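Now for the letters of each chain:
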Number of protein chains: 2
Amino acid sequence: MKSVFVSICMILIACMALAQPSPTKSSVEVLENNMVRFSLLAPEAHEVSITGEWMPGYGSISFENGVMKRGPIVSKNLMKDDTGLWSVILGPVAPNSYGYSYVIDGVMVTDPANVIVKRDGATLLSVLFVPGKESEYIDVKEVHHGSLNRVWYDSPTLGLYRRMLVYTPPGYETGKEKYPVLYLLHGGSIDEEGWTTMGKAHLILDNLISQGKARPMLIVMPNGYANQTAAPGEGPVVTNVSAPGMAFSYGAFEKSLVNDIIPFIESVYRVIPDKDNRAITGLSMGGMHSFNTVLNNPDLFSYIGVFSAGIRNPGTELENQVEILKSAKPKLLWVGCGVTDPLAYTSTKTLVDLLRKHDLDFVYRESEGAHTWFIWRPYLAEFAQLLFK
Amino acid sequence: MKSVFVSICMILIACMALAQPSPTKSSVEVLENNMVRFSLLAPEAHEVSITGEWMPGYGSISFENGVMKRGPIVSKNLMKDDTGLWSVILGPVAPNSYGYSYVIDGVMVTDPANVIVKRDGATLLSVLFVPGKESEYIDVKEVHHGSLNRVWYDSPTLGLYRRMLVYTPPGYETGKEKYPVLYLLHGGSIDEEGWTTMGKAHLILDNLISQGKARPMLIVMPNGYANQTAAPGEGPVVTNVSAPGMAFSYGAFEKSLVNDIIPFIESVYRVIPDKDNRAITGLSMGGMHSFNTVLNNPDLFSYIGVFSAGIRNPGTELENQVEILKSAKPKLLWVGCGVTDPLAYTSTKTLVDLLRKHDLDFVYRESEGAHTWFIWRPYLAEFAQLLFK
């Protein structure tokens, strides 16, 4: 037997040697006091800089005469030593999860020494995690983890066979309990993967549940574009679909949510299929999807969130719907927006004014920040703690 | 209502504008006759080349005096036009799925215009898919898709709480049927995600099942390193674990598979918990894990595969185990290896000789190719069609 052991070990060692440098030997190193050292070996490069979500002005947008303008790319230069290693120490960087890119001779790329990436729509970003008290709620901790399932379902409403993510809480597989469900909707240019890859929704719930701060629940994360089957590369590209992707005002997606997704979830999973055990929220486009859905189905959800989305000019029909929603007495109506959000702050204020005018009971959260995941992750954590109680 | 519709549309359009260029506008374009154009906008770069898995010699390794040597990086230069766009047309490239990287002024990076990537251990590669008859079996087709679940389970054997992937076949959620199970093990330097991201196991089964060529089955893909909780970034990094990651000869991982994983699967999922409805295979390290497991548990699996793994010097104890395995009469023993595999071809031949010496009934497949996914994907497709029949 010994000879087998030895020969197998030889093969194994050879296989191990095939591996590239360990991902733990990332080019990113979090130092004392949350300073962060970035380094990249690039002896032949002429200029290397870094841009990251923690930098003030990153991804900034503004409107000039109604036309949206992107701010310039904010970045910091790295300096090269005589071995060809470029590096820079930045910070302090507040504990959180951030996307970043290197710019190598003018081309923005992911960090070749970091396999942990996240996709923000059509852009791939390397991930920097700065541990600390403020980022504990999105960290992968040694707690029980729920399962994350990529599930396909039929949508007769859209004439599509589609993909969604379903989080089941720790203990779901081995238990018999029935659970409440949060329907969690993504924003424009994102897809069914955004709330986990960018939003860390599964980790937020793992951590809250482990601390007894949130009730164990399912999270259902569908794709909000009514003309897509799945995230890029994960589903067939479908053309000539009559359902318009941007259909709104109780559009195609919202109808498929009510007619196709909720019945699928309630027939397949161990969930409690009633109003008091359904919650819905979403960010930006998903916030509008959420609000449209509850306006048109006031008796479906007891817990309603609207993150960074609002309305511009309320009309009589909308006011009537708000009155009907009020009489349906949701247990929670939660509205939040960043005060420097160029896309949604004004419209959120209009929504808040409307809700106040009709004397609805609701929570309104204004945060420092813009139209980014830095506010949506804490919003989910706050919202989730208020559900099903 | 119209004003709401209009204002919501305005918000939406703004959100859409935030998106980067569409991922369908990849820098990669498959032309007629499987020629492929690669292009990258990099006006300030001095040299741009591309390296990809279809290139002869890509990732080649050899042994000199027992020391493993990697071949040089094979690449093709791109040429720059006066707009700063670098491009090259390569091919013809045989229909398949390939990883590739750009090398920009000496730094190997993913394609910034392609969000579809795969992680090969500690390296992230952009993905080129060339459609065609030969690659249909790994394509995302308009067929019913199984679900892919990231599941956590307790491993008392290893003292770890760990992650695995579980594929359930189309119809699992909505049906009542019980299914057979394939345990599918990864190789060295990979993890529980490898068989789907690199190996396309879920798509291979989706396609075979849709054509009636394979029986609907579950696929269980655990992490084969006995000292890891999960793929990089997906689980807490665990130190001071007594279970050695490289333990072999019926080592720690194989014990946890038998003691922890199989009982978990058979208690949680609708599966048929008997020998004739269990299959096991794996590649390289996972092939050895598979063979070790069946040698030590000859009555657990009726279907056994060993991909690109073998033995060096069979001894008496191993020969005795092979005799016991023979008397357990597995319905299928399937061995395959690439003829130019520098790691496993010789040891596979030794295994084959041993099996012949003991007169076991087995399938032996020799393929053109080395220690790569180009042979493991077809192996899985062939093996899966022989199972549970």
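Values in this document were obtained by computation on a predicted structure and should not be read as measured data.

**Considerations on the packing of aromatic side chains**
And step 1. According to the stated counting rule, one finds 38 aromatic pairs over all chains in the structure shown.
And step 2. For the ring pair tryptophan 195 of chain B and tryptophan 373 of chain B, a centre distance of 4.9 Å and an interplane angle of 90° mean the geometry is edge-to-face. Here the residue tryptophan 195 of chain B occupies a position in helix H2 (residues 194-197), and tryptophan 373 of chain B occupies one in helix H8 (residues 373-385), the gap between them amounting to 178 residues.
And step 3. Aromatic rings pair up to connect Trp195, Phe307, Trp334, Trp373, Trp376, Tyr379 and Phe383 of chain A into one cluster.
And step 4. Directly above the ring of tyrosine 172 of chain A sits arginine 270 of chain A, whose terminal nitrogen or CZ lies 4.4 Å from the centroid.

**A look at the sheet that holds strand S8 (residues 85-90) of chain B**
Residue and element names in this part refer to chain B.
And step 1. Pairing is antiparallel in the open sheet, where four strands are placed in the order S1-S2-S8-S7. At either margin of the open sheet sits one strand with a lone partner, and together these are strand S1 (28-30) and strand S7 (79-80).
And step 2. Across three bridges, S1 lies against strand S2 (residues 36-41) in antiparallel orientation. Along S2, the bridge assignment pairs valine 30 with valine 36.

**With respect to the pattern of salt bridges**
When their charged atoms lie close together, side chains carrying opposite charge are able to pair.
And step 1. Applying the stated criterion to the full structure yields 32 salt bridges over all chains.
And step 2. One salt bridge connects glutamate 136 of chain A with lysine 141 of chain A, and the closest N-O pair in it is separated by 3.4 Å.
And step 3. For glutamate 136 of chain A, a relative accessible area of 39% translates into the label partly exposed.
And step 4. Two residues, glutamate 193 of chain B and arginine 150 of chain B, come together in a salt bridge whose shortest N-O distance is 3.9 Å. Of this pair, glutamate 193 of chain B sits in the loop between strand S15 (181-185) and H2 while arginine 150 of chain B is found in strand S13 (residues 147-155), placing the two residues 43 residues apart along the sequence.
And step 5. Several salt bridges share partner residues, and in doing so they unite Arg119, Arg150, Arg163, Asp191, Glu192, Glu193 and Glu234 of chain A into one network.

**Points about the domain arrangement of chain A**
All names here are of chain A.
And step 1. Domain annotation of chain A identifies domain 1 (21-131) and domain 2 (138-385).
And step 2. Domain 1 and domain 2 are separated by 30 Å when their C-alpha centres are compared.
And step 3. At the interface, twelve residues of domain 1 touch 14 residues of domain 2.
And step 4. Of the roughly 1200 Å² buried at the junction of domain 1 and domain 2 (both faces included), carbon and sulfur atoms supply 60%.
And step 5. It is Lys118, Arg119 and Phe129 that lose the most area in domain 1 upon contact with domain 2, and together they represent 41% of the buried surface on that side.
And step 6. Put simply, domain 1 and domain 2 have two salt bridges between them.

The rules behind these values
- Residues numbered from 1 in each chain as written.
- Chains lettered and ligands numbered in written order.
- Predicted model: local features only at pLDDT ≥ 70, side-chain atom pairs only at ≥ 80, totals over all residues.
- Heavy atoms only, no water.
- Phe/Tyr/Trp six-rings, centres within 6.5 Å; stacked < 30°, edge-to-face > 60°.
- Helix = DSSP H or I, 4+ residues; strand = E, 2+ residues; numbered from the N terminus.
- Lys NZ or Arg CZ within 6 Å of the ring centre and 35° of its normal.
- Pairing = 2+ DSSP bridges.
- Salt bridge = Lys/Arg side-chain N within 4 Å of Asp/Glu carboxyl O.
- Buried < 20%, exposed > 50% of the residue type's maximum accessible area, 1.4 Å probe, protein only.
- Domains from an automatic or database assignment.
- Contact = heavy atoms within 4.5 Å.
- Buried area = accessible area lost by both parts, 1.4 Å probe.

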